[in-house]
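The chain contents come next:
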Amino acid sequence: MEVKAKIEALRDELRAHNYNYYVLDNPTISDFEFDMKLKELQTFEEKHPEFYDATSPTLRVGGTITKNFETIVHEHRMYSLDNSYSKEDLEDWEKRIQRILGDVQVAFTCELKYDGASISLTYENGLLVKAVTRGDGIQGDDVTNNIKTIKSVPLQLKGDYPDKFDIRGEIILTLEGFAKMNQERLANGEEAYMNPRNTASGSLKLQDSAEVAKRPLECLLYSIVGKNLNFETQFEMLKKAREWGFKVPTVAKLCKTTNEVMHFVEEWDVKRHDLPYETDGVVVKVNSLRYQDELGYTAKAPRWAMAYKFKAEQVSTVLHQITYQVGRTGAITPVANLKPVLLAGTTVKRASLHNADQIAKLDIREGDTVFVEKGGEIIPKIIAVDFTKRSIGSEPTTYITHCPECETGLIRNEGEAQHFCPNDTGCPPQITGRIQHFISRKAMDIEGLGGETVELLFKEGLIQNYADLYTLTKELVMPLERMAEKSAENLVNGVAASKSIPFERVLFALGIRYVGETVAKKLAKAYKNIDALMKATEEELVAVDEIGGRIAESVVQFFSEVSNQEIVARLKSYGLQFSLSEEQLQNQSDVLKGKTFVVSGVFETLGRTELKKLIEDNGGKVASSISSKTTYLVAGDKMGPSKRTKAENLGVPIISEQDFLAMV
Ligand code: AMP
Ligand code: ZN
């Protein structure tokens, strides 16, 4: 097949798979097959930049950096919604509508109110051209590059769509995706995100679209605005939008009376707990677009729509006891142990109290009757104390001053909400937590060893830290509970096999606070081996791209502790990888150190990603926009004229791909 046709066939196929997977939730090939095809397309595209297409599925992985989001005035204003909380509110609204419209039959479309961040997408001739946040309703931020990485947002429409229109929707994170993100953060010693909505909304404003691409965001759509639209009702609009490839939930219902509307509300107030994402109400809309037009808008909201807010479910129960959990990093979390109570379909026994301030603010005490709420959120929270039920002799809670596990005095750093147990080498949950992190899949990935066995090994005195894992023998672990010869062998073999895990993952496995997977990679690349890294000062560390003061301080602190130095020395003696491999080193140099490049246009020999990688591997820095700090602008074909002018004005030398290749 001719190359162009081959590329197009691959693109079409991948688009269809994206649609099946992300819009219909119905994949027809495995993730692996999909990745292979995507790789194939990437290779073709890099070899043939002349067939560039702004809607190619390969662009979904992101990579553009936006430093400042441009403000865009919405062509059609984005309104808010009026709220109602009862059947009476709804009936009053219906009466107001009827007064304006006169004696006509009004039908309503009921949709769920998705709890996320509003977005407006502009399509022209079937192509996504802009994505703008709601902002203040009149103007918002241009987040197009970030939105393009969300796979349920079609870059190219199908069917008989209007030439130009805006479509509005909500960017959400599924509960499952949100939980996964938090697991990873906790594994990296970072604080968990509070809720899916704020996290979704924060994701839109990340500077690196490749980071956005990694987040399991989705876009649910509900409204189209524009001229010459080929439909007459809200309900029809939803159907059309689905046909053109948008993800529009099918829960929507056409209702003829307020009674039917209330029925829908009551039904979904229960069923919403089974949905994969959070909703906070029902939006009721006058179905006919002509009537919508007649009704118009108030200063703030459409007269033709009304949000019916679900009540966050609330129950009261007794708080038996406040206990304290110690995490891998020593962070203390107070936990409310409750008299079990049914809430939003699940039995709740415990709720997080977050930190000392939270307890003080709400004046929560053991023995209190408290109100527990579960909005859409996954984790129930205590929102208030029922003071009428407080017994006379009740005493204010005094926060613990010593670690419940090791009795060390707790510390609280300035500006931090959490208390910490500083005894990182002697506090049992910190010790086992660190070892569990060390063996985890993304770190040393030790097969044949699980979290519970780590606790057992520690309890039996066989390990005190992760270096001790490498001293285990079959004979030592065989006598353990539930340990057969075969499993003992697997454990020892698994530990031995981990000695070939590459340096950057060993670095991540060490469990240095704030050193997650990405930071570990950056540090490994910048320092190449552990000895150099251990000698680095805070000033040197912050000079590394993307390493901030908080990380630098934590790294220096970690390696300044003698116990950590000893452990690293032992791990080295067991043969773990503490420097980049020959192969990794060969592809690297320092020749571009101190130089900052901006890459623009289409290139002949190398793909753009490859070019950027080459710059970084050789010690250079890649920036997204030209400034006085730019050393070179590497210009390919079809470079934007504004970039050229800017470079010329600032006196930044413009070089070709060949000039660049000669440098490295
Ligand atoms: P509020 O933020 O409380 O003023 O509610 C208005 C917002 O609800 C709108 O800006 C939308 O982003 C959001 N929303 C969520 N689901 C829907 C829906 N099905 N129809 C209309 N708006 C919705
Ligand atoms: Zn402790």
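Structural data are supplied above this passage.
Criteria and cut-off values
- Every chain begins its residue count from 1, and numbering advances along the sequence as written.
- Going through the entries in the order they are written, you letter the chains from A and number the ligands from 1.
- With pLDDT at 70 or above as the cut-off, local features in this predicted model cover only qualifying residues; side-chain atom pairs require 80 or more to be listed or tallied, and sums for whole chains, interfaces and linings still use all residues.
- Hydrogens and waters are ignored; side-chain quantities use all the structure's heavy atoms.
- Two strands are counted as paired when DSSP detects at least two bridges linking them.
- The helix count covers DSSP runs of H or I at least four residues long, the strand count covers runs of E at least two residues long, and both are numbered beginning at the N terminus.
- Inter-axis angles, ranging from 0 to 180 degrees, are taken between N-to-C directions of lines fitted to C-alpha atoms, where helices are fitted over the stretch in contact.
- Whether a residue is near a molecule or strand depends on its heavy atoms: if one lies within 4 Å, it is near.
- N or O atoms within 3.5 Å of each other form a polar contact, as long as, within protein, one can give a hydrogen and the other can take it, and as long as residues adjacent in sequence are counted only when both atoms are side-chain atoms.
- Surface accessibility in these figures is a Shrake-Rupley result with a 1.4 Å probe; residues are shielded only by whichever protein chains are displayed.
- Polar here means any residue outside two lists: the nonpolar Ala, Val, Leu, Ile, Met, Phe, Trp, Tyr, Cys and Pro, and the charged Asp, Glu, Lys and Arg; Gly therefore counts as polar.
- Here a cavity is any set of points on a 1 Å grid over the protein atoms alone where a 1.4 Å probe fits but cannot get out, and a pocket is any open set with protein on both sides within 12 Å along at least 5 of 7 lines; a residue lines the site when it has an atom within 4 Å of a point.
- Grid points are joined across faces, edges and corners, and a volume is the space filled by probe spheres set on the points.
- Here, a salt bridge means any side-chain nitrogen of Lys or Arg that lies within 4 Å of a carboxyl oxygen of Asp or Glu.
- The classification of residues rests on relative accessible area computed with a 1.4 Å probe and restricted to protein chains. Under 20% of the type maximum is buried, over 50% is exposed, and intermediate values are partly exposed.
- What sets the label is the angle itself: under 35 degrees gives roughly parallel, over 145 gives roughly antiparallel, 65 to 115 gives roughly perpendicular, and the rest give oblique.
- Here, residues are in contact when the closest pair of their heavy atoms is within 4.5 Å.

*Asks:* Looking at this model, I keep getting lost on the sheet that holds strand β5 (residues 127-133). Mind explaining?
*Replies:* Two pairing modes exist for strands in a sheet, parallel and antiparallel, and in both the strands are linked by backbone hydrogen bonds. Taken together, four strands build an open sheet; the order of strands is β5-β4-β7-β8 and the sheet is antiparallel. Among the strands making up the open sheet, the edge pair consists of β5 and β8 (217-225). Sheet twist, expressed as the average angle between the axes of neighbouring strands with direction ignored, equals 30 degrees. Pairing of strand β4 (residues 117-124) with strand β7 (residues 164-173) involves eight bridges; the strand directions are antiparallel. Opposite Glu 124, over in β7, you have Lys 164 as the bridge partner.

*Asks:* Help me out: how do you make sense of the site of ligand 1 in this one?
*Replies:* Surveying the vicinity of ligand 1 reveals 13 residues, the closest of which are Ser 80, Ser 118, Arg 134, Glu 170 and Lys 285. Ser 118 is positioned with one of its side-chain polar atoms (N or O) 2.7 Å from an oxygen atom of ligand 1. Between ligand 1 and the protein, one listed contact pairs an oxygen atom with a side-chain N or O atom of Tyr 222 at 2.9 Å. For ligand 1, the protein covers 86% of the area, taking 490 Å² as the surface of the free molecule. Elements represented by at least two residues in the shell around ligand 1 include exactly β3 (108-114) and β10 (279-286). In terms of residue class, the shell around ligand 1 is made up of six nonpolar, two polar and five charged.

*Asks:* So what exactly am I meant to see when it comes to the layout of surface pockets here?
*Replies:* Over the atoms, a rolled probe matching the size of one water molecule traces out where space is still vacant. Here the second largest pocket is characterised by a volume of approximately 1,600 Å³. Considering each element in turn, the lining of the second largest pocket owes the most residues, six residues, to helix α5 (residues 175-187). When grouped by side-chain class, the residues that make up the lining of the second largest pocket number 20 nonpolar, 13 polar and ten charged.

*Asks:* Sorry if this is basic, but what is going on with the pattern of salt bridges here?
*Replies:* Pairing is possible between side chains that carry opposite charge, provided their charged atoms lie close to one another. Within this structure, the stated rule accounts for 35 salt bridges. As a salt-bridge pair, Glu 45 and Arg 11 come within 2.9 Å of each other at their nearest N and O atoms. Here Glu 45, found in helix α2 (residues 31-47), pairs with Arg 11, found in helix α1 (residues 3-23); they are 34 residues apart in sequence, far enough to count as distant. Overall, the relative accessible area of 16% leaves Glu 45 in the buried class. The closest approach of N and O atoms between Asp 53 and Arg 11, which form a salt bridge, is 3.9 Å. In this pair, Asp 53 is assigned in the loop between α2 and β1 (71-73) and Arg 11 in helix α1, connecting sequence segments 42 residues apart. Relative accessible area serves as the criterion here: at 2%, Arg 11 is assigned to the buried category. A cluster of three or more residues bridged by salt bridges with shared partners is formed by Arg 11, Asp 12, Arg 15, Glu 45 and Asp 53.

*Asks:* For this particular structure, what's the right way to read the packing of helix α20 (residues 549-560) against helix α21 (residues 562-573)?
*Replies:* The description of two helices packed together rests on the angle between their axes and the distance between the axes. Taken N-terminus to C-terminus, the directions of α20 and α21 make an angle of 75 degrees; their axes are 5 Å apart at the nearest point. Here α20 is positioned roughly perpendicular relative to α21, judged by the angle of their axes. Contacts between α20 and α21 pair Phe 558, Phe 559 and Ser 560 from the former with Val 562, Asn 564, Gln 565 and Val 568 from the latter. Here the contact of α20 with α21 is composed, by residue class, of four nonpolar, three polar and no charged.

*Asks:* What exactly am I supposed to notice about the environment of Leu 319 here?
*Replies:* Tracing the backbone through its elements, the reader meets Leu 319 in strand β12 (residues 313-326). When the C-alpha positions of Leu 319 and Val 370 are compared, they lie 6.7 Å apart, and in sequence the two are 51 residues distant. If we ignore the near neighbours within four places in the chain, the residues touching Leu 319 are Ala 336, Asn 337, Leu 338, Ile 364, Arg 365, Glu 366, Gly 367, Asp 368 and Val 370.

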